[in-house]
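So the chains spell out like this:
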Amino acid sequence: MATRADYKTTWNELSQTPEDAFLYVGGTRDETELDATAVHAVNVIRATVGINPTDEMVEIGCGVGRVGKGLSPLVKDWIGCDASGSMVDHANRRLVDFTNARAIEVSGHDLKPLADASADVVYSTVVFMHLDEWDRYRYVQEAFRVLRPGGRFWCDNISLTTDNGWKYFEQHCTAFEPMARPTHIAKCSTPQELTVYLQRAGFTQVQTRERDLWVDAWGVKPS
């Protein structure tokens, strides 16, 4: 049985078919509905770190390319990284019409295939909830490495400190017996946690905001 930190095994098992993969990354088995869910994520990225046509973007935990499909027409280059080879295959099939977009398989704990200082934006959405805290921080560190000076990073997670975030947390307290919790069960963050990760990794101009269920955090790699 996979452990929580064995992200590759967990997400390969959850993405055996495109429809199952869609469900676990976007909450729907319908591709049209999946595409529609990306609009909000694109708008949040635009409102936090911005989207420029010259940007080379990297996504941590791209899944089936849900957000990448919405971003690719807006940027110079988009690379999606995912621990699951199955997810990567689904993503590349969905992105086949975009010559500037591709998904690659990574270990699940780093972005080692990507060169230092090779991206303008690194982001991760609806992913930190599935990671252990140490791996959240490791990906923030990796984002810092991959970004060029002046590059921007954004991430989100379910917030422990909003009313709806706390409700979500309480529901998951009783949803499963401790030994029956699925390896991908979502875990929350606080604004303070994400702020510490970004600051300790070296980011400046670090900001957070809460919005209903979610907390966003973003910052800039010093020039």
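The preceding data block contains the structure.
Draft legend 1. Region of interest: the side chain of Thr-48. If you trace the backbone, Thr-48 turns up in helix 3 (residues 31-48). Polar side-chain contacts of Thr-48 include one of 2.8 Å to the backbone oxygen of Val-44. When near neighbours in sequence (up to four residues on either side) are disregarded, Thr-48 contacts Trp-154, Arg-209 and Trp-218.

Draft legend 2. Local environment of the pairing of strand 6 (residues 204-211). When strand 6 meets strand 7 (residues 214-220), the two strands line up antiparallel, connected through six bridges. Its bridge partner being in strand 7, Gln-207 is matched across the sheet by Trp-218. In this structure, the hairpin formed by strand 6 and strand 7 is closed by a connection of two residues, where Asp-212 is found at a positive phi of approximately 60°.

Draft legend 3. Representation of the sheet that holds strand 4 (residues 119-124) in the model. On the basis of which strands lie adjacent, the open sheet formed by seven strands has the order 3-2-1-4-5-7-6 and mixed pairing. The open sheet has two edge strands, strand 3 (101-105) and strand 6, and neither has a second partner. Across this sheet, the average inter-strand angle for adjacent strands is 15°, counted without regard to direction. In this sheet, strand 3 lies alongside strand 2 (residues 77-82) in parallel orientation, the contact comprising five bridges. Within strand 3, the position partnered with Gly-80 by the bridge is Ala-103. Where helix 6 (residues 133-146) meets the sheet, its contacts fall on strand 1 (56-60), strand 4 and strand 5 (147-158), and the angle it forms with strand 5 comes to roughly 155°.

Draft legend 4. Spotlight on the packing of helix 2 (residues 18-26) against helix 5 (residues 85-94). Across the interface, helix 2 lies against helix 5 with an axial gap of 10 Å and an inter-helix angle of 100°. Taken together, the axes of helix 2 and helix 5 are roughly perpendicular relative to one another. Of the residues in helix 5, those touching helix 2 at Pro-18, Ala-21, Phe-22 and Val-25 are Met-87, His-90 and Arg-94. A breakdown of the residues in the contact of helix 2 with helix 5 according to their chemical character gives five nonpolar, one polar and one charged.

Draft legend 5. Inspection of helix 3 at higher detail. Counted at 1.5 Å a residue, the expected span for helix 3 with its 18 residues is 26 Å, and the 27 Å between its end C-alpha atoms agrees. For helix 3, the full list of buried residues reads Leu-34, Ala-38, Ala-41, Val-42, Val-44, Ile-45 and Thr-48. Taken end-on, helix 3 shows its buried residues confined to a sector of 160°, consistent with a single buried face. Across from the buried face of helix 3, at angles greater than 90 degrees, the exposed residues are Thr-32 and Ala-47. Put simply, Asp-30 is the residue that caps the front of helix 3, since its side-chain oxygen is 3.1 Å from the backbone nitrogen of Thr-32. Gly-50 occupies a position one or two residues after helix 3 and carries a positive phi of about 85°.

Draft legend 6. Highlighting helix 6. Spanning 14 residues, helix 6 covers 20 Å between terminal C-alpha atoms, matching the ideal 20 Å at 1.5 Å per step. For helix 6, the complete set of buried residues consists of Asp-135, Arg-136, Tyr-139, Val-140, Glu-142, Ala-143 and Val-146. Buried residues of helix 6, seen end-on, are gathered within an arc of 160° and therefore sit on one face of the element. Buried residues in helix 6 make contact with helix 1 (7-13), strand 1, strand 4, strand 5 and helix 8 (191-201).

Draft legend 7. Highlighting the pattern of salt bridges. Taken as a whole and judged by the stated rule, the model has 19 salt bridges. A salt bridge links Lys-187 to Asp-132; the nearest nitrogen and oxygen atoms lie 4.0 Å apart. Of this pair, Lys-187 sits in the loop between helix 7 (163-175) and helix 8 while Asp-132 sits in the loop between strand 4 and helix 6; the two residues are 55 residues apart in sequence, bridging distant segments of the chain. For Lys-187, a relative accessible area of 28% gives the class partly exposed. Note that Arg-136 and Glu-193 form a salt bridge whose closest N and O atoms lie 2.8 Å from each other. Taken together, the residues span a long stretch of sequence, with Arg-136 in helix 6 and Glu-193 in helix 8 at a distance of 57 residues. For the pair Arg-136 and Glu-193, a shared accessibility class is recorded, and that class is buried.

Analysis parameters
Residues numbered from 1 in each chain as written. Predicted model: local features only at pLDDT ≥ 70, side-chain atom pairs only at ≥ 80, totals over all residues. Heavy atoms only, no water. Helix = DSSP H or I, 4+ residues; strand = E, 2+ residues; numbered from the N terminus. Polar contact = N/O pair within 3.5 Å; in protein donor to acceptor, adjacent residues only side chain to side chain. Contact = heavy atoms within 4.5 Å. Pairing = 2+ DSSP bridges. Axes fitted to C-alpha atoms, helices over the stretch in contact; angles between N-to-C directions. Parallel < 35°, antiparallel > 145°, perpendicular 65-115°, else oblique. Nonpolar A, V, L, I, M, F, W, Y, C, P; charged D, E, K, R; others polar. Expected span 1.5 Å × (residues − 1). Buried < 20%, exposed > 50% of the residue type's maximum accessible area, 1.4 Å probe, protein only. Arc of directions from axis to C-beta. Salt bridge = Lys/Arg side-chain N within 4 Å of Asp/Glu carboxyl O.

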